[in-house]
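# Close look at the chain arrangement
As a plain string of letters, each chain reads:
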Amino acid sequence: MRIGEAAAAAGTTPRALRLYEARGLLRPAPRTPSGQREYGPADVARVRVIRNLLALGLTLEDLRRRAHRLDLLVQDPAGACDSRPGEFHGVVADRLATLDAEIARLTHLRESLAAAAGGPEHEGKRE
């Protein structure tokens, strides 16, 4: 299937597929004689895994560091991490630590803003 069809099947855009290929998350697609990319069902499945991981908060760089193992998640989404704990847990632990630090920073920022806005009566309100 051509890039537009593959992107639609994976729930994304042709631009995203080109980006994933450029970042090493997706193997370069074979080309037709006219130079168009051709994708198969395995490529679409891999793109779906990539999109799911991005939706969970991982970054393209997180995925690039483990691109060679993304096929494990394509083959066995539920068991891939369990069967090889070191493969993805380090990336996930790093991302969780980053998210925790950002949550702490935003919580502190919110508390400072609430205090500047007039104290406790503003702390629980959203305007």
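This write-up is about the structure you can find in this document. (Residues numbered from 1 in each chain as written. Predicted model: local features only at pLDDT ≥ 70, side-chain atom pairs only at ≥ 80, totals over all residues. Heavy atoms only, no water.)

### Section: the overall build of the protein
Tallying secondary structure elements over the protein gives seven helices and zero strands in all. In the protein, the succession of α and β elements from N to C terminus is α-α-α-α-α-α-α. Counting every position in the protein, which comprises 127 residues, the buried fraction comes to 29%. Counting only contacts in the protein whose residues sit at least 6 apart along the sequence, the fraction spanning at least 24 positions is 47%. Total accessible area on the protein stands at roughly 8,200 Å², and carbon and sulfur atoms take up 56% of it. (Helix = DSSP H or I, 4+ residues; strand = E, 2+ residues; numbered from the N terminus. Buried < 20%, exposed > 50% of the residue type's maximum accessible area, 1.4 Å probe, protein only. Contact = heavy atoms within 4.5 Å. Areas by Shrake-Rupley, 256 points an atom, 1.4 Å probe, with all protein chains shown as cover.)

### Considerations on the environment of Asp62
Here Asp62 lies in helix H4 (residues 60–65). Distance in space between the C-alpha atoms of Asp62 and Val92 is 8.4 Å, their sequence separation being 30 residues. Among residues more than four places away in sequence, those in contact with Asp62 are Val91 and Arg95. Here the side chain of Asp62 touches Arg95 through a polar contact of 2.8 Å, side chain to side chain. (Polar contact = N/O pair within 3.5 Å; in protein donor to acceptor, adjacent residues only side chain to side chain.)

### Notes on the pattern of salt bridges
Summed over all chains, the structure comprises six salt bridges. Ionic pairing is found between Glu21 and Arg37, a salt bridge with its closest N-O pair at 3.1 Å. Of this pair, Glu21 sits in helix H2 (residues 14–22) while Arg37 sits in the loop between H2 and helix H3 (41–55); the two residues are 16 residues apart in sequence, bridging distant segments of the chain. Both residues of the pair, Glu21 and Arg37, belong to the buried class. The partner of Glu102 in a salt bridge is Arg105, with the nearest N and O atoms 2.7 Å apart. Of the two residues, Glu102 and Arg105 are both situated in helix H7 (residues 85–116); the distance of three residues between them amounts to about one turn of the helix. (Salt bridge = Lys/Arg side-chain N within 4 Å of Asp/Glu carboxyl O.)

### Comments concerning the nonpolar core
In terms of nonpolar packing, the biggest core is built from 23 residues, with Leu17, Tyr20, Leu25, Tyr39, Leu53 and Leu70 touching the most fellow members. Those elements that provide at least two residues to this core are helix H1 (3–10), H2, H3, H4 and helix H5 (70–75). Counting residues per element, this core draws most heavily on H3, at five residues. For Tyr20, the contacting residues outside a window of four places in its chain are Thr12, Leu25, Leu26, Val47, Ile50, Arg51, Leu54 and Leu60. (Core = buried A, V, L, I, M, F, W, Y, C linked by side-chain atoms within 4.5 Å.)

### Details of the side chain of Arg46
Looking at the element boundaries, Arg46 is found in helix H3. On the basis of relative accessibility, which here comes to 4%, the residue Arg46 falls in the buried class. Among residues more than four places away in sequence, those in contact with Arg46 are Leu25, Leu26, Arg27, Ala67, Leu70, Asp71 and Val74.

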